[in-house]
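Survey of secondary and tertiary structure
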Amino acid sequence: TDTIDPDLHAALSSPSAECNFVGFIRVANQETSPLSSATPCLGTVDDISALINAHDLHEIILAVEPSSLSTGQRMLLAHSCWQLGTQLTMVSPLY
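Residues numbered from 1 in each chain as written. Predicted model: local features only at pLDDT ≥ 70, side-chain atom pairs only at ≥ 80, totals over all residues. Heavy atoms only, no water.

1. Section: the overall build of the chain
- Of regular secondary structure, the chain possesses 3 helices and 4 strands.
- In sequence order, the secondary structure elements of the chain are arranged as α-β-β-α-β-α-β.
- For the chain, the residues scored as buried account for 27% of the 95 residues in total.
- Counted over contacts in the chain with a minimum sequence separation of 6, partners at least 24 positions apart contribute 55%.
- With an accessible surface of roughly 6200 Å², the chain has 54% of that area assigned to carbon and sulfur atoms. (Helix = DSSP H or I, 4+ residues; strand = E, 2+ residues; numbered from the N terminus. Buried < 20%, exposed > 50% of the residue type's maximum accessible area, 1.4 Å probe, protein only. Contact = heavy atoms within 4.5 Å. Areas by Shrake-Rupley, 256 points an atom, 1.4 Å probe, with all protein chains shown as cover.)

2. Things to note about the side chain of Thr44
- Positionally, Thr44 belongs in strand β2 (residues 41-44).
- Every residue in contact with Thr44, bar those within four places of it in the chain, is listed here: Ile25, Arg26, Ala28 and Leu51.

3. Some remarks on the confidence of the model for the chain
- Looking at the chain as a whole, the pLDDT averages 77, with 66% of positions reaching at least 70.
- Taking the mean pLDDT of every element in the chain, the minimum, 65, falls on helix α1 (residues 6-13) and the maximum, 92, on helix α2 (residues 48-55). (pLDDT = per-residue confidence, 0-100.)

4. A closer look at unusual backbone geometry
- You will see that Asp56, though not glycine, has its phi angle at about 50 degrees, which is positive.
- A residue is classified by how much of its surface remains accessible, and Asp56, at 53% relative accessible area, is exposed.

Put into structure tokens, the structure is as follows:
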């Protein structure tokens, strides 16, 4: 099973980092994640608006294989972030 590199997790969680890594949001059909053992799962992509509000998220970094999200899920994610003023950054998967 893949796991997140402990040094990467420490760097993202460090007070000197420009971000506060609070957890990950899983794709609804994804059973496990390499992040599972290192940080909490906040919920699923389908609950994005509630998660943004509950955790006061200012930025979401989307690092998933493009095929893991349907077009509808990507549109919902982008629209929800736009409506709530949360920055959405899309990058290649980190793991």
